[in-house]
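Each chain, written out:
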Amino acid sequence: MRNIDFGPFSNPLIVALDCETSSEAFNLARQLGDVVGGFKIGPRLLFGAKPEFIEELSTMAPVFVDCKFFDISSTMVASVKSAFDAGASVVTVHALSGSTALRALAQLEKELNQIRSFKILAVTILTSWSSQDLSKVMVGNDISTHVQTLAQECGDCGIHNFVCSPLEAKLIRAPQRFLVTPGIRLGAKTIASLAGLDDQTRIASPEFAIESGANAIVVGRPILAAENPREAAVEILTRLYKVI
């Protein structure tokens, strides 16, 4: 049994609202808001929504803005601050952002936490990547090595929260770290890379992710594509609480 910190989320299940329109997203949010720990939204949904979208969504559950900011230090700080001001509780940046930006972001995270609970997550290697997707400049080390190296570099700069696949969670878990794992599939009990399944490659079950060290998991298709999304979310939470 683990004493898991869910951070700003009310429980470990974050639903990815990978919807085409804000109205579709709100419809799902109304069904799930009192069940799930939070909602993840990305650029596809944000760019078509009204400015109040994040604030309105945050009244139902904490909002995780996943834009993976990767820019010069001042732009990243301003972007993260804007997301916080809009109502976000979690924001992603890229772990490759460099020490100057990462240190500035770590300081910003401290300041924003004086106002309310807030986390900046560093994205390591996308769960959609296999070893064949690594850039030529990254060839020479496998994905797990890159994830561990990036996590260490971020930690040295004061960023201790990460997005990683369930397969790397056990490699970078540590008492001070907060890990969020996408790539969750209900039929994957252990390590899996299923060609043709979807655009995720490094996937695992909810139980495997939590047992490997995740504080929270992100689930999209298994809930959004379900005949009854609310029942699907409850089923996943029931499975999670058996291993927490």
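Okay, so let's go over this structure. (Residues numbered from 1 in each chain as written. Predicted model: local features only at pLDDT ≥ 70, side-chain atom pairs only at ≥ 80, totals over all residues. Heavy atoms only, no water.)

What to know about the overall build of the protein
And step 1. Within the protein, the regular secondary structure consists of 10 helices and 8 strands.
And step 2. Taking 18 Å as the expected radius of gyration for a compact globule of 244 residues, we find that the protein reaches 17 Å, a close match to that expectation.
And step 3. Referenced to the eigenvectors of the C-alpha coordinate spread, the extents of the protein come out at roughly 45 × 40 × 35 Å.
And step 4. Per-residue burial for the protein yields a buried fraction of 54% across its 244 residues.
And step 5. Taking contacts inside the protein between residues at least 6 apart in sequence as the whole, the part at least 24 apart equals 67%.
And step 6. When the accessible surface of the protein is split by element, carbon and sulfur atoms take 51% of a total near 11,100 Å².
And step 7. Distance between charge centroids for the protein: 4 Å, based on 22 positive and 25 negative side chains. (Helix = DSSP H or I, 4+ residues; strand = E, 2+ residues; numbered from the N terminus. Rg over C-alpha atoms; globule rule 2.2 N^0.38 Å. Buried < 20%, exposed > 50% of the residue type's maximum accessible area, 1.4 Å probe, protein only. Contact = heavy atoms within 4.5 Å. Areas by Shrake-Rupley, 256 points an atom, 1.4 Å probe, with all protein chains shown as cover. Lys, Arg positive; Asp, Glu negative; His and termini not counted. Charge placed at Lys NZ, Arg CZ, Asp CG, Glu CD.)

Focus on the environment of Val-93
And step 1. With respect to the helices and strands, Val-93 occurs in strand β4 (residues 90-94).
And step 2. When the C-alpha positions of Val-93 and Met-138 are compared, they lie 19 Å apart, and in sequence the two are 45 residues distant.
And step 3. Beyond its immediate chain neighbours, meaning those up to four positions away, Val-93 contacts Lys-68, Phe-69, Met-76, Val-80, Leu-105, Ile-120, Leu-121, Ala-122 and Val-123.

Some details on the sheet that holds β4
And step 1. What the 8 strands build is a closed barrel, ordered β1-β2-β3-β4-β5-β6-β7-β8; its pairing is parallel. Going across the sheet, the axis of each strand differs from the next one's by a mean of 25 degrees, ignoring polarity.
And step 2. The pairing of strand β1 (residues 13-16) with strand β8 (residues 216-219) spans 3 bridges and is classified as parallel. Directly across from Leu-13, in β8, lies its bridge partner Ile-217.
And step 3. Against the sheet, helix α5 (residues 99-112) makes contact with β4, β5 (119-123) and β6 (161-163), and its axis sits at roughly 155 degrees relative to β5, the strand it touches most. (Pairing = 2+ DSSP bridges. Axes fitted to C-alpha atoms, helices over the stretch in contact; angles between N-to-C directions.)

Things to note about the pattern of salt bridges
And step 1. Tallied over the entire structure, the rule returns 7 salt bridges.
And step 2. The salt bridge involving Glu-56 is made with Lys-50; its shortest N-O contact spans 3.2 Å.
And step 3. On the basis of relative accessibility, which here comes to 30%, the residue Glu-56 falls in the partly exposed class.
And step 4. One connected set of salt bridges, linked through shared partners, spans Lys-40, Asp-66 and Lys-68. (Salt bridge = Lys/Arg side-chain N within 4 Å of Asp/Glu carboxyl O.)

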